[in-house]
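This is what each chain is made of:
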Amino acid sequence: MPLNYELNDRINIVLTSQDEYIRWFTAFSRRIVCEEYSEALSLQKPNFFIKSLSEDALATFNEKQIGVINKKNEDLFEFADKVVHDLCEGNVQSLTGDFVAFTELFDWFMRDVSQLRRSVFYEENGYDKLTGLKSASSMFKELEIELERVSRQGKDFSMAMAMIVDYEEVKEHLGAEQLDEHIHLAARVIKKCLRPFDDAYYSRNNEFVMALKQTGAGGAIRAFNRLEGEFEKEAASYVANGETKKVSMTCCIAEPVPGDDVSILLDNLREDIKSSNGTSGNAFSYNEISPLQRLIKQDTPQK
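Residues numbered from 1 in each chain as written. Predicted model: local features only at pLDDT ≥ 70, side-chain atom pairs only at ≥ 80, totals over all residues. Heavy atoms only, no water.

Trainee: I'd like a description of the overall build of the protein chain, backed by residues and values.
Mentor: Check the secondary structure of the protein chain and you find 11 helices and eight strands. Relative to its full complement of 303 residues, the protein chain shows a buried share of 44%. Restricting to contacts in the protein chain with at least 6 residues of sequence separation, those with at least 24 account for 68%. Carbon and sulfur atoms make up 50% of the accessible area of the protein chain, which amounts to about 16900 Å² in all. (Helix = DSSP H or I, 4+ residues; strand = E, 2+ residues; numbered from the N terminus. Buried < 20%, exposed > 50% of the residue type's maximum accessible area, 1.4 Å probe, protein only. Contact = heavy atoms within 4.5 Å. Areas by Shrake-Rupley, 256 points an atom, 1.4 Å probe, with all protein chains shown as cover.)

Put into structure tokens, the structure is as follows:
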């Protein structure tokens, strides 16, 4: 697999930033303990690497992670200033509390930076950090290669897109951490149910794409039935409006042929799942229709 130099550069940027913060924290803490407040004041704070990046470079990082780290970076420097102020004023009681808070915040800050580094590493190797499945960055190329193989060898091949049913409702009634646990559970069940030579991808929020090699739609439906059975065993649930509901998945299956545009096919699978109202445990086959028929279908009110 060829190196992605842009991603390697990002890892180097994060690693360099980590080293700078560790050196600053070590020197700052030593001067505070030794009550050298003037030296502590003179220490130059690290330049948060995100602030020095161009918009194009910044766009290559996870926006949510960057926002969290940026806020902690500001809080960290604010507490550093508080610690120095307490030392200058001789306020021992405040100094102790603020210094403890400062060190704890630094630990959280470094943890988040480390997670950002791991995210970049996962992405570089074509995997999604949350699920452990292959990521969207590698999905399109690999699916196109598989279609080329189908064209040359004429063997069966099917694709499936699966989603958690009522995802928005689940998201509304669960916290972000619990929602991630359900997504991780779905990914774990998918990996358990696929054969060693099949591939699975987490393409975007609540979209799991499976590439099922040397099998037609019938084999893909059987794979999804295994998946739903395993999901039932996990007994995942959530509470909405006082009612306990089980978490389940629905799936749309297609048998692509050489010449199919992977991006358009995925868009159509996505649209068909959403228009089916996502019945729990339901797997159905995708039927190709013309762009005009699809447009008419979109404009037809759902009963």
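Trainee: Give a detailed account of the pairing of strand 5 (residues 237–240), specifying residues and quantitative values.
Mentor: Residues Tyr-238 and Ala-240 line the buried face of strand 5, whereas the alternating positions Ser-237 and Val-239 sit on a face that is not buried. Note that strand 5 and strand 6 (residues 243–246) share four bridges and pair antiparallel. Bridging across to strand 6, Tyr-238 finds its partner in Lys-245. Remark: two residues form the turn of the hairpin made by strand 5 and strand 6, two consecutive strands paired antiparallel; Asn-241 in that turn has positive phi of roughly 55°. (Pairing = 2+ DSSP bridges.)

Trainee: Tell me about the nonpolar core, residues and numbers included.
Mentor: Of all hydrophobic cores here, the largest spans 33 residues; its most connected members are Ile-183, Ile-190, Phe-208, Met-210, Leu-227, Phe-231 and Met-249. Sorting the residues of this core by element identifies strand 2 (157–164), helix 7 (167–173), helix 8 (176–193), strand 3 (199–204), strand 4 (207–213), helix 9 (217–234), strand 5 and strand 7 (249–254) as the ones contributing at least two each. Top contributing element to this core by residue count: helix 8, with eight residues. Apart from residues lying up to four places away in sequence, Ile-183 is in contact with Leu-130, Thr-131, Ile-164, Tyr-167, Tyr-202 and Phe-208. Listed in part, the 24 residues of the second largest apolar core include Ala-40, Leu-87, Phe-106 and Phe-109. (Core = buried A, V, L, I, M, F, W, Y, C linked by side-chain atoms within 4.5 Å.)

Trainee: So, the packing of aromatic side chains: which residues are in play, and what are the values?
Mentor: Inspection of the entire model under this criterion finds 10 aromatic pairs. Aromatic pair Phe-28 and Phe-102: ring centres 5.2 Å apart, planes at 55°, arrangement tilted. Of this pair, Phe-28 sits in helix 1 (residues 5–33) while Phe-102 sits in helix 5 (residues 92–124), and the two are 74 residues apart along the sequence. A relative accessible area of 3% places Phe-28 in the buried class. Connected via pairs of aromatic rings, a cluster forms that spans Tyr-21, Trp-24, Phe-25, Phe-28, Phe-77, Phe-99, Phe-102, Phe-106 and Phe-109. The ring of Phe-79 carries the charged tip of Lys-82 above its face, separated from the ring centre by 4.8 Å. (Phe/Tyr/Trp six-rings, centres within 6.5 Å; stacked < 30°, edge-to-face > 60°. Lys NZ or Arg CZ within 6 Å of the ring centre and 35° of its normal.)

Trainee: Give a detailed account of the state of the cysteines, specifying residues and quantitative values.
Mentor: Across all of its chains, the model carries zero disulfides by this definition. Cysteine Cys-252 is unpaired, with the sulfur of Cys-251 as its nearest cysteine sulfur at 7.1 Å. By relative accessible area, Cys-252 is classed as buried at 0%. (Disulfide = S-S within 2.5 Å.)

Trainee: So what's going on with a nonpolar patch on the surface? Residues and values would help.
Mentor: A cluster of nonpolar side chains, contributed by Phe-121, Tyr-122 and Tyr-127, occupies part of the molecular surface with about 300 Å² of accessible area. The partly exposed category is assigned to Phe-121, whose relative accessible area is 49%. (Patch = residues over 30% accessible without salt bridge, like charges linked within 9 Å, V, L, I, M, F, W, Y side chains within 5 Å. Salt bridge = Lys/Arg side-chain N within 4 Å of Asp/Glu carboxyl O.)

Trainee: Hey, could you go over helix 6 (residues 136–153) for me, with residue numbers and the actual values?
Mentor: Taking 1.5 Å of rise per residue, 18 residues should cover 26 Å, and helix 6 covers 26 Å from first to last C-alpha, within 8% of that figure. Those residues of helix 6 that sit buried are Ser-138, Met-139, Leu-143, Glu-146, Leu-147 and Val-150. Taken around the axis of helix 6, the buried residues stretch over an arc of 165°, which confines them to a single face. Residues of helix 6 that are exposed and angled more than 90 degrees away from the buried face: Ser-137, Lys-141 and Arg-152. On the buried face of helix 6, the contacting elements are strand 1 (134–135), strand 2, strand 3, strand 4 and helix 10 (262–275). (Expected span 1.5 Å × (residues − 1). Arc of directions from axis to C-beta.)

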